[in-house]
Amino acid sequence: MKGTVQTKTTKKGAEYIYIYLSYSDPVTRKRKQKVISTGLPAKGNKRRAEAMIKDYIEKYQYFEMPKTDTAVDSHISLCDFLDYWLSGKKLELRQSTYEGYACRIHSIKKYFEKKNPELISLTPKDFNDFFKYSLKYGKVNQKTHRREPLAVRSVRSCRSILHAAYNEAVIDGIIKVNPLDTVVVHGRKNREYNGEYYFLTEEEISDVLHFMDRNYPR
């Protein structure tokens, strides 16, 4: 793995330093690249950014490491496989994202753990039933302790996690087809989420972080 420092200019003309890590994919053997925003203005910070390369190489060294995990039992339960899948994501995800995944997986396991089905035994209908149940009774009201509908966005998040986990199972050779491919979460969006989403670009995020660091360091 190698790292280089490059400068990118925002739409407003500000220049910031980014670190580009080049590495070899252990499966395809193709060269890949990860871009990391340092949040540092380009002027006068090149050496400081170059000193950061070593730490980032150590942090992301696992990108080049082949999988050393022992083969997963083909009869593993869905709940156990979700735990296995999540543990493999811990180094890849930000802490907040990892915790969000863990929360979603906890709710998924609460539904399936009673029957504790094997990963390979579940069908598209099983997951469709789970999503329909979640849309009606997916959460517990903390005041009344009654079950209430889970937001469509949250149910779709559960589907995304399950789909990603089953993709991993396909790669590992446990199953041949992802049962989530044909399952869609239907339902209206919550009223407060009906508007169009707007997201910051990496450059705009750097602008915000630089402004906060300069004007509101605490």
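Being a predicted model, the structure only gives us computed values, none of them experimental.

Asker: Describe the pairing of strand β2 (residues 15–24), naming the residues involved and giving the relevant values.
Answerer: Within β2, 8 of the 10 residues are buried, which leaves it mostly tucked inside the rest of the structure. Alignment of strand β1 (residues 2–9) against β2, held across 8 bridges, turns out to be antiparallel. Directly across from T9, in β2, lies its bridge partner E15. Here β1 hands over to β2 after 5 residues, with G13 in that stretch at a positive phi of 95°. Sheet analysis places β2 next to strand β3 (residues 31–41), joined by 9 bridges and oriented antiparallel. Bridge pairing in β3 links I17 to L40.

Asker: Describe in detail the pattern of salt bridges, supporting the description with residues and values.
Answerer: What the rule picks out here adds up to 3 salt bridges. Among the salt bridges present, the one from K89 reaches E92, with a minimum N-O distance of 3.6 Å. Taking relative accessible area as the criterion, E92 reaches 45% and is therefore assigned partly exposed. Note that K125 is salt-bridged to D129, the shortest N-O span being 2.9 Å. Of the two residues, K125 and D129 are both situated in helix α4 (residues 124–137); the distance of 4 residues between them amounts to about one turn of the helix.

Asker: Describe the sheet that holds β2, naming the residues involved and giving the relevant values.
Answerer: What the 3 strands build is an open sheet, ordered β1-β2-β3; its pairing is antiparallel. Of all the strands in the sheet, just β1 and β3 have a single pairing partner and so form its edges. For this sheet, the mean angle separating the axes of adjacent strands, direction not counted, is 30°. Seen against the sheet, helix α6 (residues 202–215) touches β1, β2 and β3 and runs at an angle of roughly 125° to β2.

Asker: Go over helix α1 (residues 46–59) with me, naming the residues and quoting the values.
Answerer: The terminal C-alpha atoms of α1 lie 20 Å apart, and with 14 residues this matches the ideal 20 Å at 1.5 Å per residue to within 8%. Where α1 bends most, the angle comes to about 25°, and this point is I53. Three or more residues of α1 are buried, namely A49, I53, Y56 and I57.

Asker: Lay out α6 in plain terms, naming residues and giving numbers.
Answerer: Taking 1.5 Å as the rise per residue, α6 with 14 residues should run 20 Å; its terminal C-alpha atoms sit 20 Å apart, in good agreement. E203, S206 and D207 are the residues of α6 that are buried. Across the axial projection of α6, the buried residues extend over an arc of 100°, all falling on one side.

Asker: Can you break down the packing of aromatic side chains residue by residue, with the values?
Answerer: Counted by the stated rule, this structure contains 10 aromatic pairs. Taking 6.0 Å as the distance between ring centres and 10° as the angle between the ring planes, the aromatic pair formed by W85 and Y101 counts as stacked. In this pair, W85 sits in helix α2 (residues 78–89) while Y101 sits in helix α3 (residues 95–112), placing the two residues 16 residues apart along the sequence. Between K8 and the ring centre of Y18, over which it is positioned, the NZ or CZ distance is 4.6 Å.

Conventions we followed
- Note on numbering: residues in each chain are counted from 1, in written sequence order.
- Given that the model is predicted, a residue must reach a pLDDT of at least 70 before its local features are reported, and side-chain atom pairs must reach 80 or more before they are shown or counted; all residues, however, enter totals for whole chains, interfaces and linings.
- The side-chain numbers reported here are obtained from all heavy atoms of the structure, hydrogens and water having been left aside.
- Only protein chains enter the accessibility calculation, which uses a 1.4 Å probe; a residue is then buried when its area is under 20% of its type maximum, exposed when over 50%, and partly exposed in between.
- Labels follow the DSSP assignment, with helices taken as runs of H or I lasting at least four residues and strands as runs of E lasting at least two, numbered in each case from the N terminus.
- One requirement defines pairing of two strands: DSSP has to find at least two bridges between them.
- Each reported salt bridge corresponds to a side-chain nitrogen of Lys or Arg within 4 Å of a carboxyl oxygen of Asp or Glu.
- Axis lines are fitted through C-alpha atoms, for helices just across the contact stretch, and the angle between N-to-C directions can take any value from 0 to 180 degrees.
- Residue contacts are counted whenever heavy atoms from the two residues lie within 4.5 Å of one another.
- Given the number of residues in a helix, its expected span is that number minus one, multiplied by 1.5 Å.
- The angle between axes fitted to the seven residues ending at a residue and the seven residues starting there is what we call the bend at that residue.
- Along the arc lie the directions from the helix axis toward the C-beta atoms.
- Only Phe, Tyr and Trp rings take part, Trp by its six-membered ring, and two of them pair if their centres are within 6.5 Å. Stacked means planes under 30 degrees apart, edge-to-face means over 60, and tilted covers everything else.
- Only Lys NZ and Arg CZ are tested; either one counts as a charge over a ring when it is within 6 Å of the ring centre and within 35 degrees of the ring normal.

What is shown is where atoms sit, not what they do.
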